[in-house]
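Per-entry structural report
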Amino acid sequence: MTPADTPPETLHPDDEDAVGATLGALEDALDTVRERHPEDTPQWEYCEGVLTALLCTRRAVPPDEWLPMLFGRDEEAVFPSEGERTHFMMHWLAREAQLRASLQSAVDDLNDERALDPGVLDWRGLLASLPEPERSEAAKGGEPPPFAQVWAAGFLDATEYWADDWAPPRDKEVAEAMADALDCFVDLLEDEREPPAVNLFEEAGPPSVSQARFDAFGEAIWAVYDLYAIARSLGPRVAPAHSDKVGRNDPCPCGSGKKYKKCHGA
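Named according to an unreviewed UniProt entry, the protein chain is UPF0149 family protein originating from Ottowia pentelensis.

See below:
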């Protein structure tokens, strides 16, 4: 059995080979879907942002909700065969388990091998590292997005799609903590403003990511930990209690225009 076919429960978040196999299998699955729906199939980095947000949502969101969000269509149209759906879901669950294990690990340093490590690629670093004429050919597709922008977009889109689940709680301190954490993702939606300092695709490659953006990405990772902890502490949202009882001074439900106590409540 190859790593890509290993059941989700045997994959560990600090096992680079297992993580790489999982991400590779998901990319391949998306490529298959993209052949049928080239305009509506997101890149994995966007899906990774959505999946990360789902782990920080106060309830477990079922596939029949998040599949249409990702692909803009029902799952029968996305996966024409049960085998293809099963293949995708197996590796989605594997990645979910890896991310959850990281979020449940007590880490003090993002260099810890157990720390959350989003599947984000330095696209500009990749482009800059390509030899000519490959770089010129790839550049015809347009300027690559700045580091972690697509991941942040997926995360924030999920919070907006399930806005009710992400509504701030009444506790002002917790609500402010949520807002501050989400602002870290908003910062990553911005383009680069500082000069590039490092290449996160190839250490020896031309600089492609500014130190400020790299630091902002680290802040967003810590923000995920905060949001995950908040969601676990709050639990699923509870609908407010509703009572059909009519107060004595309320208008009578019969429509007479009189107060209930002077009509049917007399």
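Having seen the model, we can carry on.
A word on the packing of helix H8 (residues 149-161) against helix H9 (residues 172-189). The contact between H8 and H9 brings their axes to 8 Å, and the two run at 135 degrees. Taken together, the axes of H8 and H9 lie oblique to each other. Considering how the two elements wind past one another, H8 and H9 form a crossing that is left-handed. Of the residues in H9, those touching H8 at Gln149, Trp151, Ala152, Ala153, Phe155, Leu156 and Thr159 are Leu182, Phe185, Val186, Leu188 and Leu189. Within the contact of H8 with H9, the residues separate by chemical class into ten nonpolar, two polar and no charged.

As for its position among the elements, Thr159 is in helix H8. According to the relative accessible area criterion, Thr159 is buried, its value standing at 10%. From its side chain, Thr159 meets the backbone oxygen of Leu156 in a polar contact 2.7 Å long. Aside from chain neighbours lying at most four places away, what touches Thr159 is Trp166 and Leu182.

With that settled, consider the packing of H9 against helix H10 (residues 211-234). Packed helix pairs are characterised by how far apart their axes lie and by the angle those axes make with each other. Two numbers describe how H9 lies on H10: the axes approach to 9 Å, and their chain directions differ by 145 degrees. Read as a crossing pair, H9 and H10 show a hand that is left-handed. Of the residues in H10, those touching H9 at Val174, Ala177, Met178, Ala181, Leu182, Cys184, Phe185, Asp187, Leu188 and Leu189 are Arg213, Ala216, Phe217, Glu219, Ala220, Ala223, Val224, Leu227, Ile230 and Leu234. Among the residues forming the contact of H9 with H10, the class breakdown is 17 nonpolar, no polar and three charged.

Considering all chains together, one arrives at 13 aromatic pairs under this definition. Here the aromatic rings of Phe71 and Phe79 are separated by 6.2 Å at their centres, their planes lie at 75 degrees, and the arrangement is edge-to-face. Seen from their ring centres, Phe88 and Trp92 are 5.8 Å apart, and the 35 degrees between their planes marks the pair as tilted. Taken together, the residues Phe88 and Trp92, both in helix H5 (residues 82-103) and four residues apart, mark about one turn of the helix. In this structure, Phe88 and Trp92 share a single accessibility class: buried. The structure contains a cluster of three or more aromatic residues connected by ring pairs, namely Trp44, Trp66, Phe71, Phe79, Phe88 and Trp92. Its guanidinium or amino end placed over the ring of Tyr228, Arg232 lies 4.8 Å from that ring's centre, counting from NZ or CZ.

How each quantity is defined
Residues numbered from 1 in each chain as written. Predicted model: local features only at pLDDT ≥ 70, side-chain atom pairs only at ≥ 80, totals over all residues. Heavy atoms only, no water. Axes fitted to C-alpha atoms, helices over the stretch in contact; angles between N-to-C directions. Helix = DSSP H or I, 4+ residues; strand = E, 2+ residues; numbered from the N terminus. Parallel < 35°, antiparallel > 145°, perpendicular 65-115°, else oblique. Left-handed = near helix turned anticlockwise from the far one by under 90°. Contact = heavy atoms within 4.5 Å. Nonpolar A, V, L, I, M, F, W, Y, C, P; charged D, E, K, R; others polar. Buried < 20%, exposed > 50% of the residue type's maximum accessible area, 1.4 Å probe, protein only. Polar contact = N/O pair within 3.5 Å; in protein donor to acceptor, adjacent residues only side chain to side chain. Phe/Tyr/Trp six-rings, centres within 6.5 Å; stacked < 30°, edge-to-face > 60°. Lys NZ or Arg CZ within 6 Å of the ring centre and 35° of its normal.

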